[in-house]
Amino acid sequence: QISLLIGFISVNNSPWTDYSAYSFFQIVTMCDLVMILFFYVMHIFRVYRKLTCVSWPLAEFLHYLIGTILLLIGSIVAAAKSYNITGLVAGATFGFLATILCVISMWSSYKVSCITQSTSKYR
């Protein structure tokens, strides 16, 4: 989440040359930040216990999957259109770092929720 925020701030404070590429990058980073915050709030207040009709592990997995794909696309476009402007290169770099961290988080979320449940059935 911090790498997304740093990437957003780096791109926001740099002079832009291609508005569509960086607008997409900013929108993707802000949407990811809002959704991560949403899942944190759901976890902190334990709302998932009251809303049992939603498969929360699946919702979190889909959030990370879609967010990671969009973040990867946004980072590639931002890196291609950076024209060696340091703030834009830094934003794209932190976008790639956030993509890697989202993949790790997605794997750990899947591993904890799905693999742990499947092994506990057979005990």
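Here is what the cut-offs are and how they apply
Residues numbered from 1 in each chain as written. Predicted model: local features only at pLDDT ≥ 70, side-chain atom pairs only at ≥ 80, totals over all residues. Heavy atoms only, no water. UniProt positions renumbered as here; feature names shortened; annotations may be inferred. Helix = DSSP H or I, 4+ residues; strand = E, 2+ residues; numbered from the N terminus. Contact = heavy atoms within 4.5 Å. Phe/Tyr/Trp six-rings, centres within 6.5 Å; stacked < 30°, edge-to-face > 60°. Buried < 20%, exposed > 50% of the residue type's maximum accessible area, 1.4 Å probe, protein only. Expected span 1.5 Å × (residues − 1).

The protein chain is annotated in an unreviewed UniProt entry as CKLF7 protein of Horornis vulcanius. Quoted verbatim from the Subcellular location (unreviewed entry) heading of the UniProt record, the comment on the protein chain is "Membrane".

Q: Which parts of the structure should I look at to understand the UniProt feature "transmembrane region" (unreviewed entry) in the protein chain?
A: Sequence positions flagged by UniProt for "transmembrane region" (unreviewed entry) are, in local numbering, residues 20–41, 61–79 and 85–107. Taken end to end, residues 20–41 comprises 100% helix and 0% strand; its first and last C-alpha atoms sit 31 Å apart. Annotated as 96% helix and 0% strand, the span residues 85–107 places its first and last C-alpha atoms 33 Å apart.

Q: What is the right way to look at the side chain of S3 in this model?
A: Locating S3 in the fold gives a position in helix 1 (residues 2–12). Aside from chain neighbours lying at most four places away, what touches S3 is F94, L97, A98 and L101.

Q: How should I be thinking about the packing of aromatic side chains in this particular structure?
A: Any aromatic ring pair is given by two values, namely how distant the centres are and how the planes are angled relative to each other. Counting across every chain of the model gives 2 aromatic pairs. Note on F38 and F39: the rings are 5.6 Å apart at their centroids and 70° apart in plane angle, and the pair reads as edge-to-face. Under the relative-accessibility criterion, F39 is labelled buried at 13%. Ring centres of F39 and W56 lie 6.4 Å apart, and the angle between their planes is 85°; on these two criteria the pair is classed as edge-to-face. With F39 in helix 2 (residues 19–44) and W56 in helix 3 (residues 56–80), the pair connects residues that are 17 residues apart, well separated along the chain. As far as burial versus exposure is concerned, F39 and W56 are alike and both buried.

Q: Any chance you could explain helix 3 here in plain terms?
A: Helical periodicity: at 3.6 residues per turn, an α-helix aligns residues three or four positions apart in one direction. If you check helix 3, its first and last C-alpha atoms are 36 Å apart, about what 25 residues at 1.5 Å a residue would give, namely 36 Å. Taken residue by residue, helix 3 has W56, H63, Y64, G67, T68, L71, G74, S75 and A78 as its buried positions.

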